[in-house]
Amino acid sequence: MSALDPAGPRAQNLATLWWIMLAGSAVLFVLVMGLLALSYIRPEWLSRLSAAQWIVGGGLVLPLPILILLTGTALVLGEQLLPRGAAPISVEAHAERWAWRFGYPGSDLTDDGTLHIPAGEPVDVMVTTADVIHSFWVPRLGGKIDAIPGRRNVIRLEADAPGIYWGICAEYCGPGHDSMMFRVEAHPMAEYRRLREGAS
Amino acid sequence: MSAPLSPIALHKQLSRIWGTPPGWGRLSSVNHTILGKRFMLVALLFFAIGGLLAMLIRAQLATPHSAFIGPDIYNQLFTMHGTVMMFLFAIPMFEGLAIYLLPKILGARDMAFPRLTAYGFWCYVMGGSILIVAMLAGVAPNGGWFMYTPLSSRPYTPGINADVWLLGITFVEISAVTAAIEIVVSILKMRAPGMALARMPLFGWYMLITAGMMVVGFPPLILGSILLELERAFGLPFFDPERGGDPLLWQHLFWLFGHPEVYIIFLPAAGVLSTIIPVFAQRAILGYRALIAAIVAMGFLSFGLWVHHMFTVGIPHLALAFFSAASALVAVPTAIQIFAWIGTLASGRPRWDVPMLYVAGFFAVFVMGGLTGVMLAMVPFNTQAHDSYFVVAHLHYVLVGGFVFPMLAALYYWLPHITGRQSLYRLSVPAFWLILIGFNATFFFMHVTGLMGMPRRISTYPSNWGWDWLNLLSSVGSFILTMGFALVLADLVLQLRFGKPFRRDPWRAATLEWAMPTPPPHYAFAALPRIERRADQLRPAEIGPVLARGDGYLGFARDGQMETLGVDMVSGEVEHVIVLPHPTFLPLWTALATAAFFLALLFGQYWLAPLAAVVVVALFLCWPSRLGRTDDLGPVDIGRGETAPYDGEASGNICVLANRTALVTNGTLFASLLFGGLFLAVVAPN
Ligand code: HEM
Ligand SMILES: [Cu+2]
Ligand SMILES: [Cu+2]
């Protein structure tokens, strides 16, 4: 269930972004707290700095390059994660209080709370809702996307290996929100084909 | 004027004029010192209620599969916790602080519209009570503090719960809008003579920008609430996609308010820090002008970020990029402030005291919240962290770090001003450490819980995903935190009871509020000073006795009138004498009639609502009758050998400015409506 234990290339990218940001944040945090401590313990080390140096240095020179670099990286990453072009496989995830139902091309929605996908293959999930807003989230495979009444949202997921990955509704949707979980089962491609043929 | 009076005689005369009657008469008070204290006291009460709800939440989540509270109650608990903390604690708390402090820091005898202060206070108390009573009756709002549609629309929340939120909060928001207008006008027009804008203490600047943001920030929420209530009551389709509406319209309107809202909460706290830090650094603040620029930048930027609460709703990626970059950019004015504060300490001769403990706590907690904020602004990461416990952690680091810690610093710093007694400090230090440790134990691990997949707003969780020990730790932490707050409370009681009285200015501060006796008299200043330099570099201990002698402007009592000075907005030169209203029950009656209006809507008695509205208007029309005069007197003596006309004879008086400010609020309300219409026409699915 953990986003820190990614099981696909997309979740892997997001986790990498997180670890980079965590490291950077830790450095910045130590820097700020260190300066604060120094101002009490060793004020003479800092007393040469002028007002302009504090404000321009700390307020512009320090954050701007970091922010530009980070935002740029995140934007590029975000573009890569977008569901561009049609993925070979596209499935439906339909939310209705308080369960998820899944549909495949040419078949009805299923009721067993399990989404079957092939492993090693990008899959587009079309997310819709019958009632209120829900959110489709499988932390180990990628981020989340909301299911909004009147709209169809798409999220692209990918699992590296066959296995079971849990998902959960991430947008508060009423008294059953706690239990609106589902499973994603990734199969080897051949098995997935057999499964789909058997179903239709 | 006749021969100068002794300070004691002057004090007696002014006290008689400015005093509030005893007994039931207290309810007629319009005095900023009294109302500021009442605002803060009631806000503290709501903080206790919100904290109690948080304890219940943490008790429920301490273990997996908990059967302590079911989802129905749990949903009311977290909705009420968020709502109480944001609308009934944080906003009224800084309003109260501003109402108490602003006239004193700026050198005026009261706020611009004392009866409006009182009316706002009653609206706050009554609106808040509606929410609390609803909670005790088991029909509290349960849609989350941002009340997303269609979950909060009639089909999915058939009961009264959502109406309680929409009407109760709108009722409370009246107090926010009136306070905002009043703060803008008081800051711009009611400073001590000579206090040009460029000499105003930073607290004034922070509150000016905050109030300006409130003037344009609250209308979208008020509009959204009106539309949603109309939809709920009369079936209009604003947020229903089947009939041409769009649930996302609510999200836009809510966050158009909701994002500026968190800066509206942070800026007053930052104003407190900018006031306290120089005192303990024993030097003037670094970068006065840069800070003003940073506050203004924050004010503007904060209105361009609201979509970062909606990164996962499926909006075009260009918009995502824009809002992501804008969100990252607010880190710049924030960093400017942080480094200006640290630089002030580093280049001064910093000393320790209890307020500084909380300032240090603020740095540690708020900086961490800011860093996770930048992380969340990165869209790809946001798709993982959004609506998980990572966000719960982030928002508490920012709100508790950026508001509660500074307010605790403010409490220890200004409580001697309110009570006239110095702190004892037996319990202050252990209380601080309990709060700091308890806070981090509660919330630090929530970052991890969230990334491990735990969504927010769930009442139970299974035990197979490794969330158990993290949640248990958070719950234990929250009880340590509560013990810390309990110790602070005990500390306050001890101070009230045993604290030693002091002469004047215990902190060697540099702003005017300490240039008065403590506890402050109702009239605040026996005479108003002339300011010749930056008003955050004054010597209150020297100015105080001079003013108490009546040596300054208006250092006398005239015709039993409550007088203070109106100045030019920019230069701070005297323009006119403002005559303020005496205590009156009118604000209370008007607020009661307003309550009748909201209760009529709440209980669906639609015939009663227009009647109540007529009564409200009629009562408002009674307000002017007791003020103003029918004849022109020409310039009158204001002391120091100068003269000025009364406000009624001056062109740019406070009423003109207040009306202009109110027009801006109205304009924003209609602009929001226009935005809503365009949004439905262009972006909505049907
Ligand atoms: C006294 C210590 C506090 C504790 C232990 C605490 C605990 C919590 C917890 C556990 C939640 C998540 C509930 C859930 O998602 O199911 C929460 C939500 C929230 N808290 Fe706090 N909190 C505290 C103080 C505050 C303060 C001081 C503020 C604001 C000034 C605040 C504002 C909020 C908001 C806005 C939410 C979101 C509510 C929602 O999801 O609708 N909290 N709090
Ligand atoms: Cu759901
Ligand atoms: Cu849900």
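The text that follows walks through the structure, step by step, so that each part is easy to find. (Residues numbered from 1 in each chain as written. Chains lettered and ligands numbered in written order. Predicted model: local features only at pLDDT ≥ 70, side-chain atom pairs only at ≥ 80, totals over all residues. Heavy atoms only, no water.)

Points about the sheet that holds strand 2 (residues 99-103) of chain A
Residues and elements named next belong to chain A.
Part 1 of the reasoning: The mixed open sheet is built from four strands, whose spatial order is 2-1-4-7. Unpaired on one side and paired on the other, strand 2 and strand 7 (153-157) mark the two borders of the sheet. On average, adjacent strands in this sheet sit at an angle of 30° to one another, irrespective of strand direction.
Part 2 of the reasoning: Bridging between strand 1 (residues 89-96) and strand 2 involves five bridges; their strand directions are antiparallel. Of the residues in strand 2, the one forming a bridge with Ala95 is Trp100. (Pairing = 2+ DSSP bridges. Helix = DSSP H or I, 4+ residues; strand = E, 2+ residues; numbered from the N terminus. Axes fitted to C-alpha atoms, helices over the stretch in contact; angles between N-to-C directions.)

Concerning the coordination of the iron atom of ligand 1
Residues and elements named next belong to chain B.
Part 1 of the reasoning: Surrounding the iron atom of ligand 1 are the protein donor atoms His81 (NE2) and His396 (NE2), at 1.9 to 2.0 Å.
Part 2 of the reasoning: Of note is the iron atom of ligand 1, whose six donor atoms meet at the metal with angles of 88 to 179° in an arrangement that counts as octahedral. Of this pair, His81 sits in helix 3 (residues 71-106) while His396 sits in helix 13 (residues 389-419), and the two are 315 residues apart along the sequence. (Donors = N, O, S within 2.8 Å, 3.2 Å for Na, K, Ca; no water. Tetrahedral: all angles 85-135°; square planar, octahedral: opposite > 155°, others 65-115°.)

Let's talk about the coordination of the copper ion (ligand 3)
Residue and element names in this part refer to chain A.
Part 1 of the reasoning: The protein atoms that coordinate the copper ion (ligand 3) are Cys169 (SG), Glu171 (O), Cys173 (SG) and His177 (ND1), at distances of 2.0 to 2.4 Å.
Part 2 of the reasoning: Each of the four donor atoms around the copper ion (ligand 3) contributes to a set of angles spanning 87 to 126°, which defines the coordination as tetrahedral.
Part 3 of the reasoning: Expressed as a motif, the donor residue spacing for the copper ion (ligand 3) is C-x1-E-x1-C-x3-H.
Part 4 of the reasoning: Between the copper ion (ligand 3) and the copper ion (ligand 2) the interatomic distance comes to 2.6 Å, and Cys169 is a ligand of both metals. The same class applies to Cys169 and to Cys173, which are both buried. (Buried < 20%, exposed > 50% of the residue type's maximum accessible area, 1.4 Å probe, protein only.)

A look at the pairing of strand 5 (residues 134-137) of chain A
All names here are of chain A.
Part 1 of the reasoning: Residues of strand 5 alternate between two faces, with His134 and Phe136 on one and Ser135 and Trp137 on the opposite face, all of them buried.
Part 2 of the reasoning: Relative to strand 6 (residues 144-147), strand 5 is paired through four bridges, and the arrangement is antiparallel. Residue pairing across strands places Phe136 opposite Ile145, the latter belonging to strand 6.
Part 3 of the reasoning: The hairpin turn running from strand 5 into strand 6, its antiparallel successor, is six residues long.
Part 4 of the reasoning: Sheet topology places strand 5 next to strand 8 (residues 163-169); two bridges connect them, and they run antiparallel. Residue pairing for strand 8: Phe136 is matched across the bridge by Cys169.

Focus: a nonpolar patch on the surface
Residue and element names in this part refer to chain B.
Part 1 of the reasoning: Taken together, the side chains of Leu674, Leu678, Val682 and Val683 present a nonpolar region at the surface, about 410 Å² in accessible area.
Part 2 of the reasoning: Tracing the sequence through the fold places Leu674 in helix 19 (residues 654-682).
Part 3 of the reasoning: By relative accessible area, which is 60% here, Leu674 ends up exposed. (Patch = residues over 30% accessible without salt bridge, like charges linked within 9 Å, V, L, I, M, F, W, Y side chains within 5 Å. Areas by Shrake-Rupley, 256 points an atom, 1.4 Å probe, with all protein chains shown as cover. Salt bridge = Lys/Arg side-chain N within 4 Å of Asp/Glu carboxyl O.)

What to know about the side chain of His417 of chain B
Residue and element names in this part refer to chain B.
Part 1 of the reasoning: As for its placement among the helices and strands, His417 is situated in helix 13.
Part 2 of the reasoning: Using a relative accessible area of 0% as the deciding quantity, one classes His417 as buried.
Part 3 of the reasoning: Among all residues touching His417, those that are not within four sequence positions of it are Tyr100, Lys104, Glu513, Trp514, Met516, Thr518, Pro519 and Pro520. (Contact = heavy atoms within 4.5 Å.)

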